[in-house]
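# Descriptive analysis of the structure
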Amino acid sequence: MNESSTNLGPEGRGTGSPHGPAIDLRTILAPVDFSPASRHGLAFAGTLAARFHARLQLLHVVEPPVLPQWGYAHIPQREAKLRHAAQERLPQLPAECGLHPELVVSAKIRNGEAEDEICAAAAEDRADLIVLASHGLGGLQHAFSGSTAERVVRSAPCPVLTVRDSVLPGREGGLPDFDLKRIVVTTDFSAESKKAFPYAVALARKFEASLILIYVLPAQLPADLSHIGIVLEEKRLLEEARERLPGFRQAELDPHLCVDTLVLSGGPAHEICRTAEAQGADLIVMATHGNAGLRRFLIGSVTENVVRHAPCPVLVVREREHEFVKS
């Protein structure tokens with residue numbers, strides 16, 4: 001493990017700088033399925049909207065039945081019934097979650113597969129961010145369960161912030177808190193993974209938070225190496241990463257921020273989540289398409305596993321998408 005830090009502010013926070021990427025968050029899309037998890041997700045989205053003076057758009061998706069228990073002739077009747085119930089319930093949901101009514105600018109209902117409709121709605125309304133609870137198990141049992149959140153992360157036209165209901169922070173009787181003190185950001189040294197850096201830096205500056213820059217050497221070396229060969233090769237790669245990461249941090253991140261660097265080995269998703277928990281991180285920021293060198297470090301499956309198991313909210317950005325961080 002290799003660690004370095006600079007410019008500590010009060011209580012270990014970064015001091016920030018007057019220049020660099022800034023947050024321009026105007027429209028947040030909050031998908032809901034009326035489950036307790038999605039209600040928590042909506043409350044979290046409301047906190048962000050209030051904090052950044054953004055508009056909040058609600059979306060409910062009426063999904064097709066998994067099995068035709070209604071019979072194919074009755075599917076339109078089923079959809080009409082669910083849509084009518086949603087039309088009655090959706091306007092009441094913000095107040096139930098403690099949101100100020102002026103935060104919500106629209107509440108829409110769409111029919112189709114949840115992940116497809118969420119991404120389509122985000123594209124049509126040019127949403128800057130999708131805030132999605134990753135374990136909603138309410139009426140539409142799998143509407144926003146882990147697999148849906150992971151599929152949205154994979155194809156969304158804008159960044160996605162996923163929040164697990166079991167780890168949502170909050171105040172009793174009020175909206176969740178959103179005060180970042182420690183932010184984990186991941187890299188595999190590729191240009192694609194650097195897409196996460198402006199978001200991590202902008203949020204760190206906004207909240208005077210410190211950053212933890214993590215590189216994980218995947219424990220997946222060539223099978224044709226002997227056991228001794230694997231140990232020696234892993235040692236060589238770890239030493240190489242320890243030498244490279246501090247320079248990478250200096251070249252790519254705001255020098256005015258407090259940044260710790262960590263080089264780890266093992267399963268990337270497991271190590272990222274374990275480190276976030278051990279460090280008391282408030283947010284993980286990661287890109288989905290780092291494919292240089294060790295090709296699968298930040299591709300798909302790693303991101304999805306972090307989303308599924310992270311002990312804190314996860315902000316996922318893609319290489320090409322609508323952005324809410326500006327230079």
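On a predicted model such as this, the values are computed, not experimentally measured, just so you know.

### Thoughts on the overall build of the chain
A tally of regular secondary structure across the chain gives nine helices and 12 strands. Considering the chain as a whole, with its 327 residues, one finds that 53% of them fall into the buried category. Total accessible area on the chain is roughly 14800 Å²; 51% of this is exposed by carbon and sulfur atoms.

### Focus: helix α6 (residues 197-207)
Counting buried positions along α6 yields eight of 11 residues, so the element is predominantly enclosed. Three or more residues of α6 are buried, namely F197, Y199, A200, V201, A202, L203, A204 and F207. Taken from the residues just after α6, E208 is the one with a positive phi, measuring 55°.

### Here we look at the pattern of salt bridges
Scanning the entire structure with this criterion turns up 14 salt bridges. A salt bridge links E252 to K194; the shortest N-O distance between them is 3.2 Å. On the criterion of sequence distance, the pair formed by E252 in helix α7 (residues 227-252) and K194 in the loop between β7 (182-187) and α6 is long-range, its members being 58 residues apart. Each member of the salt-bridge network shares a partner with another, and the members are R39, R89 and E96.

### Quick look at the sheet that holds strand β2 (residues 27-31)
With mixed pairing, the 10 strands of this open sheet are ordered in space as β4-β3-β2-β5-β6-β11-β10-β7-β8-β9. Because the sheet does not close on itself, it has two edges, and the strands there are β4 (104-111) and β9 (259-266). Neighbour to neighbour, the strand axes of the sheet diverge by 25° on average, direction disregarded. Here four bridges tie strand β5 (residues 129-133) to strand β6 (residues 160-163), and the two strands are oriented parallel to one another. For V131, the partnering residue across the bridge sits in β6 and is L161. Against the sheet, α6 touches β7, β8 (210-218), β10 (283-287) and β11 (314-317), its axis set at about 165° to β7.

### Details of the confidence of the model for the chain
Summary statistics for the chain give a mean pLDDT of 81 and a share of 76% for residues scoring 70 or more. The low-confidence segment residues 1-16, where pLDDT is below 50, has 49 contacts with residues more than four positions distant or belonging to other chains. Low pLDDT, under 50, characterises residues 136-145; the predicted model gives this stretch 36 contacts beyond four residues in sequence or across chains.

### Remarks on the packing of aromatic side chains
Pairs of aromatic rings are described using the distance from one ring centre to the other and the angle between the two planes. One pass over the structure, following the stated rule, counts five aromatic pairs. Seen in terms of ring centroids, F189 and F248 are 5.2 Å apart; in terms of plane orientation they differ by 85°. Their pairing is edge-to-face. Of this pair, F189 sits in the loop between β7 and α6 while F248 sits in helix α7, and the two are 59 residues apart along the sequence. Here F189 matches F248 in class, with each residue buried. Taking the centre distance of 5.1 Å and the plane angle of 75° together, the rings of Y199 and F324 count as edge-to-face. Here Y199, found in helix α6, pairs with F324, found in the loop between β11 and β12 (325-326); they are 125 residues apart in sequence, far enough to count as distant. Taken as a pair, Y199 and F324 share a single burial class, namely buried. Put simply, the rings of F189, F197, Y215 and F248 touch in pairs and so form one group of aromatic residues. One Lys or Arg, R244, reaches over the ring of F189 and ends 4.2 Å from the middle of that ring.

### Focus on the packing of helix α8 (residues 268-278) against helix α9 (residues 301-309)
Between α8 and α9, the shortest axis-to-axis distance is 8 Å and the interhelical angle comes to 35°. Pair α8 / α9 crosses with right-handed handedness. Taking contact as the criterion, the partners of P268, A269, I272 and C273 in α8 are, on α9, V302, N305, V306 and H309. For the contact of α8 with α9, the per-class residue count stands at six nonpolar, two polar and no charged.

### Comments concerning empty space enclosed by the protein
Leftover empty space is mapped by rolling, across the atoms, a probe with the size of a water molecule. By the definition in use, this model includes one cavity of 30 Å³ or more. In this structure, the largest cavity occupies an estimated 90 Å³ of space. Contributing to the lining of the largest cavity are L25, L48, F52, L129, L161, F178, L203, L283, L315 and F324. In terms of residue class, the lining of the largest cavity is built from 10 nonpolar, no polar and no charged.

### Section: the nonpolar core
Within the largest apolar cluster, 62 residues are counted, with the highest numbers of intra-cluster contacts made by I28, L42, L48, L56, I183, L211 and L315. The leading source of residues in this core is α6, at eight residues. Residues A149, V160, L264 and V316 belong to the second largest nonpolar core, which totals 37 residues.

### Considerations on the pairing of β5
Successive residues of a regular strand alternate their side chains across the two faces of the sheet. Burial within β5 is extensive, with five of its five residues counted as buried. Of the two faces of β5, the one carrying L129, V131 and A133 and the one carrying I130 and L132 are both buried. Relative to β5, β2 is paired through two bridges, and the arrangement is parallel. Across the sheet, L29 pairs through a bridge with I130, a residue of β5.

Cut-off values and rules
- Residues numbered from 1 in each chain as written.
- Predicted model: local features only at pLDDT ≥ 70, side-chain atom pairs only at ≥ 80, totals over all residues.
- Heavy atoms only, no water.
- Helix = DSSP H or I, 4+ residues; strand = E, 2+ residues; numbered from the N terminus.
- Buried < 20%, exposed > 50% of the residue type's maximum accessible area, 1.4 Å probe, protein only.
- Areas by Shrake-Rupley, 256 points an atom, 1.4 Å probe, with all protein chains shown as cover.
- Salt bridge = Lys/Arg side-chain N within 4 Å of Asp/Glu carboxyl O.
- Pairing = 2+ DSSP bridges.
- Axes fitted to C-alpha atoms, helices over the stretch in contact; angles between N-to-C directions.
- Contact = heavy atoms within 4.5 Å.
- pLDDT = per-residue confidence, 0-100.
- Phe/Tyr/Trp six-rings, centres within 6.5 Å; stacked < 30°, edge-to-face > 60°.
- Lys NZ or Arg CZ within 6 Å of the ring centre and 35° of its normal.
- Left-handed = near helix turned anticlockwise from the far one by under 90°.
- Nonpolar A, V, L, I, M, F, W, Y, C, P; charged D, E, K, R; others polar.
- 1 Å grid on protein atoms, 1.4 Å probe; cavity = no way out; pocket = protein on both sides within 12 Å on 5 of 7 lines; lining within 4 Å.
- Points joined across faces, edges and corners; volume = space filled by probe spheres on them.
- Core = buried A, V, L, I, M, F, W, Y, C linked by side-chain atoms within 4.5 Å.

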